Amino acid sequence: MKKLFFAFMSLAAVAFVGCKDNNEPQLKGRNLVVYGKIFTAEKDSEGKDVIADAFVVQDGKFVYVGDSAGAKKYETDGFQVIDYTGKGIIIPGCYEGHAHYLMAKGMDLMGGIDITLNTGVEQFLQMVGTAYEKTKAQGKSSIYGFGWNYQIFLDSGMPTRQQLDSLCPDIALYINDAEGHKGLANTLCLQNAGIMDKDGNVLISKIRGGEIVMDANNKPTGLLKEQAGTFVRTHGINFKEIFPASLAKEAVELSQQRLLAQGFVAYMDGWSNTYGTNAFYEGAKSLEKAGNLHILLGLSYEFESSCESIEAELEKAKQMKQYTGGHINADFVKLFIDGTVETGTGLTMEPYQITRLGNGIANWEQNEVTEITKIANNNGMTMHIHTMGDAAVNRAVNAFVASNHPEARNTVVHCRNVPEADFARMADNNIVAVSGILWHGMEQDIVDALNAALPVNLKDKAYPMKSYFNAGAVMTSHCDFPATSGSPTDPFGIMEIAVTGQVYTSTGKHTEPFWTDELISREQALQALTINGAYQMHIENKRGSIKVGKYADFVLADKDVLSCPVTDIHNAKVVATYFEGEQVYSAK
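What counts, and where the lines are drawn
Residues numbered from 1 in each chain as written. Predicted model: local features only at pLDDT ≥ 70, side-chain atom pairs only at ≥ 80, totals over all residues. Heavy atoms only, no water. Helix = DSSP H or I, 4+ residues; strand = E, 2+ residues; numbered from the N terminus. Rg over C-alpha atoms; globule rule 2.2 N^0.38 Å. Buried < 20%, exposed > 50% of the residue type's maximum accessible area, 1.4 Å probe, protein only. Contact = heavy atoms within 4.5 Å. Areas by Shrake-Rupley, 256 points an atom, 1.4 Å probe, with all protein chains shown as cover. Lys, Arg positive; Asp, Glu negative; His and termini not counted. Charge placed at Lys NZ, Arg CZ, Asp CG, Glu CD. Pairing = 2+ DSSP bridges. Axes fitted to C-alpha atoms, helices over the stretch in contact; angles between N-to-C directions. Salt bridge = Lys/Arg side-chain N within 4 Å of Asp/Glu carboxyl O. Patch = residues over 30% accessible without salt bridge, like charges linked within 9 Å, V, L, I, M, F, W, Y side chains within 5 Å. Parallel < 35°, antiparallel > 145°, perpendicular 65-115°, else oblique. Left-handed = near helix turned anticlockwise from the far one by under 90°. Nonpolar A, V, L, I, M, F, W, Y, C, P; charged D, E, K, R; others polar. Core = buried A, V, L, I, M, F, W, Y, C linked by side-chain atoms within 4.5 Å. Expected span 1.5 Å × (residues − 1).

With that settled, the discussion passes to the overall build of the protein chain. From N to C terminus, the protein chain includes 20 helices and 22 strands. Rg of the C-alpha trace for the protein chain: 24 Å, near the compact-globule value of 25 Å for 588 residues, within the 12% margin. By principal-axis analysis of the C-alpha atoms, the protein chain measures approximately 80 × 50 × 50 Å. Across the 588 residues that make up the protein chain, the buried fraction comes to 61%. Once local pairs closer than 6 in sequence are excluded, the contacts in the protein chain between residues at least 24 apart make up 74%. For the protein chain, the exposed surface amounts to about 21,600 Å²; the carbon and sulfur share of it is 48%. Here the protein chain holds 51 positive side-chain charges and 69 negative ones, and the gap between their average locations is 3 Å.

Okay, here's the thing in structure tokens:
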């Protein structure tokens, strides 16, 4: 990495408490001697990737990494031998840089409305009616749902709040779209949130950073965009009733099971107070205390641009730091600077070709992002900012540079488009880019539709990768689940897209390669998924690679993804995942 990366390799000002020497986890891993082709995610003195033939694990850490001959002497009583020679490849445990598994699993457990991406409006309304009858019988006051497709609904005629009222008149209803950036609400939900009164008068017509869509009579249609939807959902739905701490704990546990099965040993949650409570924080801490958290978990506290006081929200974020410890890092602050470029709400430097979209939606002004960043960094917290358009990325980078806390490793997430000069600024200031690699696997008809609406300078470009490596900036990977439902979320599916610019579709064909100038090598893809992810989470000196002295987090894959045909990488499967020397997942 360029300049500051190595300078801060040993800093722990914003580190996982569980990785500090005075608070290490109690290890219970087995003593292992492991043979096979091993991608270590380490570099030799010439900058080449180190491939080892064997490693040894003792008391949950790597004590030897090298050739087979050197590992033989450890084959004594008390050491289990795993010979994985010729069976595939062994890699460090992978890191998911940003997703919403907790929210998605929480929604499932709430028993709300779970919609598949291709559901039509008629079927959607039937689901609302069914959910209402069920919820009414349970005596609950709110219904929450997720997953409708904005484009399908737009083409078919967007459901109105009046239609929702006819099916759900006396229970507050809010249903997010699949991206989580838009929502549909019935009248009662709008009334609970203070948007309308019981007589139908509009009390709030505008929400900063979002849009309350109005009909011809200047009344809310029920469709809400960006921060307007977040506001109504938070204040209109009684999440404390429908999502108690017991469900949150279960959601964390189920998310952990899915991630470990895919080879992930660390996960950065993109919005941990998503239901307006600290339930996920409590659930994670409960698992940690019981010794059942077998994954490194980052939790981020987001506050809305419609909040009454930045100072008050920052105080709440600081209170979340009490949950940091062991395998949990709750020292992250989340902001949405903009929406999504694909739907015209991403903040761009040049205007969209569709005139009414202008330059998108800005949730926070430059001086506010800078102020929040400085206060957060001064209190030992790291910024984790949603940035899609090039203007949004630039706004975040400006704030991070002005804050002058490179040890914080402030993070920009998604980064659909990045101003050319900002790649070097990110490298020089220790800013981490969490890249949406998956979007390189777009179908051609989607690319064509986007190019008709996007700012001209952003056409045929989305989600850079190689430019980060060329500049010496730290790039990690994320899948943003469930916003990318239908796309691969495992490291090998993601890796294939990063290398080929294509995705293997359900029709048995690959998509056309997209933005091939930004494709990266297999080794770089694995670096983004492993050691760079550990760097993002402030633990690269303890984890993220197979190196003597580090925790023994590693994955056995059934295919050598460094040598198989590139279009076969996605077929690789996880055979076993080890965390701190203990097998925490087995495919058998």
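It is worth spelling out the sheet that holds strand S17 (residues 411–414) at this point. Spatially, eight strands are ordered S6-S13-S14-S15-S16-S17-S18-S19 in an open sheet, and the strand pairing comes out parallel. Across the chains shown, the open sheet's two edge strands, defined by having one partner strand only, are strand S6 (94–99) and strand S19 (474–477). Averaged over all neighbouring strand pairs, the angle between strand axes comes to 25 degrees, with direction disregarded. Relative to strand S13 (residues 264–269), S6 runs parallel, the two being bridged by four bridges.

The omega angle of the peptide bond from Phe-481 to Pro-482 is 5 degrees, so this bond is cis rather than trans. The residue Pro-482 is located in the loop between S19 and helix H18 (491–500) in this model. Notably, Arg-409 is not glycine yet its phi reads approximately 55 degrees, a positive angle. One can find Arg-409 in the loop between helix H14 (390–403) and S17.

We now examine the pattern of salt bridges. Scanning all chains against the criterion turns up 20 salt bridges. With its nearest N and O atoms 3.7 Å apart, the salt bridge here joins Lys-550 to Glu-42. Remark: Glu-42 occurs in strand S1 (residues 32–43) and Lys-550 occurs in the loop between helix H20 (531–536) and strand S20 (554–557); sequence separation between them is 508 residues. With a relative accessible area of 5%, Lys-550 lands in the buried category. The partner of Asp-177 in a salt bridge is Lys-182, and the shortest N-O contact between them spans 3.1 Å. By relative accessible area, Asp-177 is classed as buried at 2%. Within this structure, Asp-177, Glu-179 and Lys-182 form a network of salt bridges that share partners.

Turning to its location among the elements, Ala-172 is positioned in strand S9 (residues 172–177). Under the relative-accessibility criterion, Ala-172 is labelled buried at 0%. Non-local contacts of Ala-172, meaning those with residues more than four positions away in its chain, are made with Ser-141, Ser-142, Ile-143, Asn-186, Leu-188, Cys-189, Asn-192, Gly-236 and Ile-237.

This part covers a negative patch on the surface. A cluster of acidic residues, Glu-443, Asp-445, Asp-448 and Asp-460, forms a negative patch on the protein surface. Along the chain, the position of Asp-445 falls in helix H16 (residues 444–451).

Moving on, we get to the packing of helix H3 (residues 101–110) against helix H10 (residues 245–261). Running from amino to carboxyl end, H3 crosses H10 at an angle of 125 degrees, the nearest separation of the two axes being 8 Å. Relative to H10, the element H3 is oriented oblique. Every pair of crossing elements has a handedness; the one defined by H3 and H10 is right-handed. Judged by residue contacts, Tyr-101, Leu-102, Lys-105, Gly-106, Leu-109 and Met-110 of H3 engage Leu-247, Glu-250, Ala-251, Val-252, Leu-254, Ser-255, Arg-258 and Leu-259 from H10. By residue class, the composition of the contact of H3 with H10 is nine nonpolar, two polar and three charged.

The next subject is the pairing of S19. On S19, burial covers both faces: Val-474 and Thr-476 on one face and Met-475 and Ser-477 on the other are all buried. With four bridges joining them, strand S18 (residues 432–435) and S19 adopt parallel strand pairing. Its bridge partner lying in S19, Val-434 is registered against Thr-476.

Read from one edge to the other, the open sheet built from six strands follows the order S7-S8-S9-S10-S12-S11, with strand pairing classed as mixed. Edge positions in the sheet fall to strand S7 (113–114) and strand S11 (210–214), since each of these pairs with one other strand and no more. Sheet topology note: the S7/strand S8 (residues 142–148) ladder contains two bridges and is parallel. Residue Asp-114 lies in a different strand from S8, and its bridge partner there is Phe-146. Against the sheet, helix H4 (residues 121–138) touches S7, S8, S9 and strand S10 (182–185), its axis set at about 155 degrees to S8. Seen against the sheet, helix H8 (residues 227–236) touches S8, S9, S10, S11 and strand S12 (220–226) and runs at an angle of roughly 110 degrees to S12.

The subject of this paragraph is the nonpolar core. Membership of the largest hydrophobic core comes to 129 residues, with the highest contact counts inside it found for Tyr-144, Val-232, Tyr-275, Met-426 and Tyr-468. If one sorts the elements of this core by residue count, H14 sits on top with seven residues. By size, the runner-up hydrophobic cluster in this structure holds 21 residues, among which are Ile-115, Val-128, Tyr-132 and Met-158.

All right, on to the packing of helix H12 (residues 310–319) against helix H13 (residues 366–378) then. Viewed as axis vectors pointing N to C, H12 and H13 meet at an angle of 35 degrees, and their least axial separation amounts to 11 Å. Once H12 is placed against H13, the crossing between them reads as right-handed. Across from Ile-310, Glu-311 and Leu-314 in H12, the residues of H13 making contact are Glu-368, Glu-371, Ile-372 and Ile-375. Residue composition of the contact of H12 with H13, by class: four nonpolar, no polar and three charged.

To continue, consider H13. An ideal rise of 1.5 Å per residue puts 18 Å on 13 residues; H13 measures up with 18 Å between its terminal C-alpha atoms. All of the buried residues in H13 are Glu-368, Val-369, Thr-370, Ile-372, Thr-373, Ala-376 and Asn-377. Packing partners of the buried residues in H13 comprise H12, strand S15 (328–336), strand S16 (382–387) and H14. Just downstream of H13, Gly-380 is the residue with a positive phi angle, here 75 degrees.

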